[in-house]
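Chain by chain, the residues:
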Amino acid sequence: MADLAHSHCVPCRSSEPALSAAASTELLKAVPGWTLVEREGIARLERRYAFGNFLEALDFTNRVGREAQDEDHHPALLTEWGAVTVSWWTHNIGGLHRNDFIMAARTDAVALAAQG
Ligand SMILES: C[C@H](O)[C@H](O)[C@H]1CNC2=NC(N)=NC(=O)C2=N1
């Protein structure tokens, strides 16, 4: 499987089908630590990252936001004292696309860089 963290998002047309549950489960193996959840009938990729305080959580939120802007693919971010929950899905297809797995891997890379 290509290295997701070094891949870039591709344009996604609203006519494309969302990934099947089987395809999502297969891609999930490439991003350990992430879980598949369904909210409001939409499959999403979700991970909660722990931090030592609110400012560290806010800094990570902003780093992920910049990555999202660079790739024109945007997450839901819940920033709390000591934690950030990141959710990825593709709005225009109402489900998961390979782009979401690329962004999950890129989010992990941001978290690793933040620790270093
Ligand atoms: C016009 C622009 O490219 C689109 O609205 C992009 C922006 N960011 C996006 N982010 C996500 N997660 N899903 C989308 O469908 C999406 N669409």
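Report follows, based on the coordinates. (Residues numbered from 1 in each chain as written. Predicted model: local features only at pLDDT ≥ 70, side-chain atom pairs only at ≥ 80, totals over all residues. Heavy atoms only, no water.)

Attention shifts here to the packing of aromatic side chains. Summed over all chains, the structure comprises 3 aromatic pairs. Centre to centre, the rings of Trp-34 and Tyr-49 are 6.1 Å apart; their planes meet at 75°, and the pair counts as edge-to-face. On the criterion of sequence distance, the pair formed by Trp-34 in the loop between helix 1 (21–28) and strand 1 (35–39) and Tyr-49 in strand 2 (residues 42–50) is long-range, its members being 15 residues apart. Summarising the burial analysis for this pair, Trp-34 and Tyr-49 share the class buried. Centre to centre, the rings of Tyr-49 and Phe-60 are 4.8 Å apart; their planes meet at 55°, and the pair counts as tilted. One end of the pair, Tyr-49, is in strand 2; the other, Phe-60, is in helix 2 (residues 54–71), and 11 residues separate them in sequence. Residues Tyr-49 and Phe-60 agree in their burial class; the two are buried. The ring of Trp-89 has Arg-44 lying over it, and the distance from NZ or CZ to the ring centre is 3.9 Å. (Phe/Tyr/Trp six-rings, centres within 6.5 Å; stacked < 30°, edge-to-face > 60°. Helix = DSSP H or I, 4+ residues; strand = E, 2+ residues; numbered from the N terminus. Buried < 20%, exposed > 50% of the residue type's maximum accessible area, 1.4 Å probe, protein only. Lys NZ or Arg CZ within 6 Å of the ring centre and 35° of its normal.)

Of all hydrophobic cores here, the largest spans 25 residues; its most connected members are Val-31, Trp-34, Leu-45, Phe-60, Trp-88 and Phe-101. If you list the elements that add at least two residues to this core, you get helix 1, strand 2, helix 2, strand 4 (83–88) and helix 3 (98–115). Take this core: its biggest share by element is 7 residues, from helix 3. Residue contacts for Phe-60: discarding those within four places in its chain leaves Tyr-49, Phe-51, Val-84, Val-86, Thr-107, Val-110 and Ala-111. (Core = buried A, V, L, I, M, F, W, Y, C linked by side-chain atoms within 4.5 Å. Contact = heavy atoms within 4.5 Å.)

Residues in contact with the ligand, as listed here, are Asp-72, His-73, His-74, Trp-89, Thr-90, His-91 and Asn-92. Between a nitrogen atom of the ligand and a side-chain N or O atom of His-74, the distance comes to 2.8 Å. One nitrogen or oxygen atom from the main chain of Trp-89 is found 2.8 Å from a nitrogen atom belonging to the ligand. Isolated, the ligand exposes 390 Å² of accessible area, and the fraction of that covered by the protein chains is 60%. Among the residues forming the shell around the ligand, the class breakdown is 1 nonpolar, 5 polar and 1 charged. (Near = heavy atom within 4 Å. Polar contact = N/O pair within 3.5 Å; in protein donor to acceptor, adjacent residues only side chain to side chain. Areas by Shrake-Rupley, 256 points an atom, 1.4 Å probe, with all protein chains shown as cover. Nonpolar A, V, L, I, M, F, W, Y, C, P; charged D, E, K, R; others polar.)

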